[in-house]
Amino acid sequence: MATDRVALGSSSEIERREEHEQQQEHDSEAKLLRDRFRLSAISIAESEARKSGMEISKVVVSCVADLAFKFTEGLAKDLEMFARHANRKCVNMEDVILSAHRNEHMSSYLRTFSNDLKAKDPPSDRKRKKETKKNDKNTHLVQEVDALEG
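Let me begin by describing the structure that accompanies this report.

Rules and cut-offs
Within any chain, residue numbers begin from 1 and follow the written order of that chain's sequence. Per-residue local features of the predicted model are confined to residues with pLDDT of at least 70, and side-chain atom pairs are confined, for both listing and counting, to 80 or more; whole-chain, interface and lining totals are unaffected and use all residues. Excluded from the side-chain calculation are hydrogens and water; included are all heavy atoms of the structure. Numbering of helices and strands starts at the N terminus; helices are DSSP runs of H or I of at least 4 residues and strands are runs of E of at least 2. We call a residue buried when its accessible area falls under 20% of the maximum for its residue type, exposed when it is over 50%, and partly exposed in between, using a 1.4 Å probe and counting protein chains only. Shrake-Rupley sampling with a 1.4 Å probe provides the accessible areas, and residues are treated as covered by the protein chains on show and by no other component. In this scheme, a helix's expected span is set at 1.5 Å multiplied by one less than its residue total. Contacts are assigned to residue pairs with any non-hydrogen atoms lying within 4.5 Å of each other. The working definition used for a salt bridge is a side-chain nitrogen of Lys or Arg within 4 Å of a carboxyl oxygen of Asp or Glu.

**Digging into the overall build of the protein**
Point 1. Each helix and strand in the protein was counted, giving 5 helices and 0 strands.
Point 2. Shown N-terminal to C-terminal, the secondary structure of the protein runs as helices and strands in the order α-α-α-α-α.
Point 3. Classification of the 150 residues of the protein by burial places 10% in the buried group.
Point 4. Carbon and sulfur atoms provide 56% of the accessible area of the protein, an area that totals close to 13,300 Å².

What follows is the structure, encoded as structure tokens:
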């Protein structure tokens, strides 16, 4: 019985180590993504400043990059909550449009963008299958009604 306790203790210790390693891996991935995001934001800010013929201080660029990252983190959390609220595992375009509901210009732009995407892409097979089944059911009902009237 003492060996069982030792085995359980070591098993839970292994699980804790694995969880700790997974958390460290997650943290390093998050740091890498944050750093890449910041570098991209800095590059964009500097490029736009050059196009405008303006100078921008490194402190301001760094601050803008940090604000953009924090905004994006909040946006990602909101999108995840919207999808969860709708009992979905994936975020869709409606979630993105909903996230911009306080900014009328952005919301309008996103709706237009979404409609343009829908116009370019044919409907997915999944929707066609559901629609086909519905049409088949309606066809079957019409045939039954015709048979009863005839």
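**Observations regarding helix α2 (residues 58-85)**
Point 1. The terminal C-alpha atoms of α2 lie 41 Å apart, and with 28 residues this matches the ideal 40 Å at 1.5 Å per residue to within 8%.
Point 2. Of all the residues in α2, the buried ones are V61, A65, F69, L79 and A83.
Point 3. Directly after α2, the chain includes N87, whose backbone phi takes a positive value near 60°.

**Some details on the side chain of S114**
Point 1. Its place among the elements puts S114 in helix α4 (residues 104-120).
Point 2. On the accessibility criterion, S114 (4% relative accessible area) is buried.
Point 3. If near-sequence neighbours (up to four positions away) are discounted, S114 is found in contact with M93 and I97.

**Describing the pattern of salt bridges**
Point 1. According to the stated counting rule, one finds 9 salt bridges in the structure shown.
Point 2. In this structure, R88 engages D95 in a salt bridge whose closest nitrogen and oxygen atoms are separated by 2.9 Å.
Point 3. Residue class for D95 comes out buried when judged on its relative accessible area of 4%.

**Here we look at unusual backbone geometry**
Residues other than glycine predominantly adopt negative phi, and peptide bonds predominantly adopt the trans conformation.
Point 1. Even without glycine at this site, N87 takes up a positive phi of about 60°.
Point 2. By secondary structure assignment, the location of N87 is in the loop between α2 and α3 (93-99).
Point 3. You can call N87 exposed: its relative accessible area is 72%.

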